[in-house]
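Coordinates in review
For reference, the chains in residue letters:
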Amino acid sequence: MDLSGSSLNRSQSLASGLEKTSHTWNKPAHSQSSSTLSSRHSRQIIKDWEVIDDLQVEMQGAGDDPQDRTAPGICEGYLLKRRKWPLKGWHKVARGRVQGSLDVSLAVISINKKSNRIDLDAGDILYHMKAKSHELFYIWVTKLQAHRLYKKNEAAHVHSSFLHTLSLPTAAEQAQRNGDLISHLDSLAHFILCLFYLYLVADFLCSFLFLFLRCQPEAVRRSSQGPPSVADSAAEYFDASDDILWGSSSEVSDESGLSDGSTTNSEPEEGHSGYTSISDQSLNPLVCFFTGKDLARVSMPAVLNEPINLLQRLCEELEYSELLDTANNTSDPYQRMVYIAAFAISGYSTATFRNRYKPVNPILGETYECIREDRGFRLISEQVCHHPPISACHADSENFSFWQDQRWKNKFWGKSLEILPTGMVNVTLPRYGDHYEWNKVVTCIHNVFSQQRYLEHYGEVIIKNLKSNICTCKITFVKSRYWGSETNKNEVQGVVLDQSGSAIHRFGGLWHEGIFCDTLPTPKCIWKPNPQPKDYLLYYGFSSFAMELNELPSDLKPLLPPTDTRLRPDQRMLEDGRVDEADIKKDKIEEMQRERRKELAKRGEEHVPRFFKRSKDSSGRDVWLTNGTYWKLRENPGFANLENLTLW
Ligand SMILES: CC(C)CCC[C@@H](C)[C@H]1CC[C@H]2[C@@H]3CC=C4C[C@@H](O)CC[C@]4(C)[C@H]3CC[C@]12C
């Protein structure tokens, strides 16, 4: 590719294209030329492609002053190029080798922001390119646009000089006036670009300043007095416990827990009434950050936790278990799939109100039970592994069984953190003998260090029925467009396909508002989230169902194993608003956990989960399944009569 030039100049200002994406980038009519996928996917694919429009280019080309137009230079770095057989896939092009060239001003440039792809189509030659990251993608698109604009302007200039030599005074004057206007617009665009860069730099510095603050010695950090905010407390807290946390490099981390992060949330009164400052400077997060390794061991102050732990969060996914009841009572297999899909989506809806606090990390061996007679199910969960952290759960009801082991990987992007769950969710329906299995999508915590933090889910869920291939379901959690409107925020689309791949049902909506299916015998809303309870903001954004998860009625207490989350003292203190005490207690519990691990290691033993066993699923994946002993032991002889782990 013969692109030349290295810095962005005014002719490549973002305003000339990227800022105006929604106006100047159109849906292409062609983009199928670049797609070899089957027709049932084509709708989605066309939707993701946009052609870079030339409107702006032509307007500018008419009168810009050639004197102050500098040629854009080489765009360094590389894009991946798609190869066909036998090396099918995306390949890095060898350095310094010219693979071919085309005139970007004549080519149709279409881009796919979702997959960071750029297609350059010059008629006789077509390049399929892909950037390694979103950032690189936007740099390349900006550069390509700049070159295109420059070339077009050049051509326009030749044309206007020609008119000039023919001395057409009015046209020339007009061009001059246009030139003035354009150069004003151009400096405005340049100014906007500068602001944009300033913003990026400031944002970047803030993130690092924040991390830097976390590294300051205790005395320095304590010297700043004043009312505590969550940000303050995050900056003051320092602990090198064994809790898992940030997978900090931009590569997928090995750890599957989410690190105890940090927040600049300025409304501490919501959810928490106090704050704590415990310090133990044994780890420098900045160093960790740059080496991209061990930030995965930073613990979090209780003030940033919600009084629910990850074992309970697994149970939260059953808030809309009535959808599974409906599925088990629906005879049509395609309609059944629609309800299973609605259930899969419903589990994501809590994200709307739950972006401020992190669930408490369970201790290895911690358990949780939840009996919901009103909803007809009972669930158990257990922390079965610490490195990487894995929480397993199993629920039974007369209408369904539900199980999953939750683990995930993190991708840290500087401003956002992507959570990539790796386990599968399973549901069986006794009436029809179905066994549904599906993956989870990516959840992204945007603006992780700032008050504008919000969660987004994106990707595809494929639901298969392992007992019958009569139908499958594909759900797409649409990624919101970069500079697009808010209209497609939280959008979900789904389709139930029969064996031949034809769509039998279509449904869609927003994961925070509800899902509608118009292909059912009576088109209807198949799911919508329950209204939030009054004052939910004061209670961590919890739904009523979430609020009930930690309830401890007196008749339940003697029946629980002492490892049950409901009996975990630091979490209870947190729930009662005794955050300082919670923090101290949390430290102790984590210390005990480390001691137990050391003891085991000394004896050359490994922790063995009590109620789950490691197994392989039909595709050979590692899974954790219930060993079926919990409810029996609870019944007889009762946990009080058994030997239990002492976790706290
Ligand atoms: C305190 C600040 C810094 C961080 C707040 C982090 C919160 C928003 C994070 C921490 C752990 C995260 C959860 C970890 C795992 C999953 C499973 C996944 O299938 C759905 C999203 C979900 C449920 C995440 C939602 C967001 C989450 C709750």
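Remember, it's a predicted structure, so these values are computed and weren't measured experimentally. (Residues numbered from 1 in each chain as written. Predicted model: local features only at pLDDT ≥ 70, side-chain atom pairs only at ≥ 80, totals over all residues. Heavy atoms only, no water.)

1. Topic: the packing of aromatic side chains
Aromatic rings in a pair are described by how distant their centres are and how their planes are angled relative to each other. On inspection of all chains with the given rule, the structure shows 13 aromatic pairs. Ring geometry for Phe 353 and Tyr 536: centres 5.0 Å apart, planes at 70°, overall edge-to-face. Separated by 183 residues along the polypeptide, Phe 353 in the loop between α11 (333–346) and β9 (358–360) and Tyr 536 in the loop between β24 (524–527) and α12 (544–548) bring together distant segments of the chain. Overall, Phe 353 belongs to the partly exposed group, its relative accessible area being 30%. The interplanar angle of 45° and the centroid separation of 5.0 Å between the aromatic rings of Tyr 630 and Phe 639 together place this pair among those described as tilted. Residue classification places Tyr 630 among the buried positions, given a relative accessible area of 2%. Residue Phe 639 is classed as buried on the basis of its relative accessible area, which comes to 2%. Over the ring of Tyr 454 we find Lys 489; its NZ or CZ atom is 5.0 Å from the centre of that ring. (Phe/Tyr/Trp six-rings, centres within 6.5 Å; stacked < 30°, edge-to-face > 60°. Helix = DSSP H or I, 4+ residues; strand = E, 2+ residues; numbered from the N terminus. Buried < 20%, exposed > 50% of the residue type's maximum accessible area, 1.4 Å probe, protein only. Lys NZ or Arg CZ within 6 Å of the ring centre and 35° of its normal.)

2. Brief notes about the nonpolar core
One finds Trp 438, Ile 463, Ile 475 and Phe 507 to be the most contacted residues of the largest nonpolar core, which totals 74 residues. When residues of this core are assigned to their parent elements, the largest contribution, 10 residues, is made by α11. What Ile 463 contacts, discounting residues up to four positions off in sequence, is Met 337, Ile 340, Ala 341, Ala 344, Tyr 436, Glu 437, Trp 438, Thr 472, Cys 473 and Ile 475. Core analysis: the next-biggest nonpolar cluster, separate from the first, contains 17 residues, Met 129, Trp 140, Val 141 and Leu 144 among them. (Core = buried A, V, L, I, M, F, W, Y, C linked by side-chain atoms within 4.5 Å. Contact = heavy atoms within 4.5 Å.)

3. Considerations on the pairing of strand β21 (residues 491–498)
Where burial is concerned, most of β21 is hidden: 7 out of the 8 residues are buried. Across 7 bridges, the pairing between strand β20 (residues 471–477) and β21 is antiparallel. Bridge pairing links Phe 477 to Val 492 in β21. In the sheet, β21 pairs with strand β22 (residues 503–510) via 7 bridges, with the strands oriented antiparallel. Across the sheet, the residue bridging to Val 495 is Arg 506, located in β22. Where β21 folds back onto β22 in an antiparallel hairpin, the turn is made up of 4 residues, including Gly 501, whose phi is positive at roughly 90°. (Pairing = 2+ DSSP bridges.)

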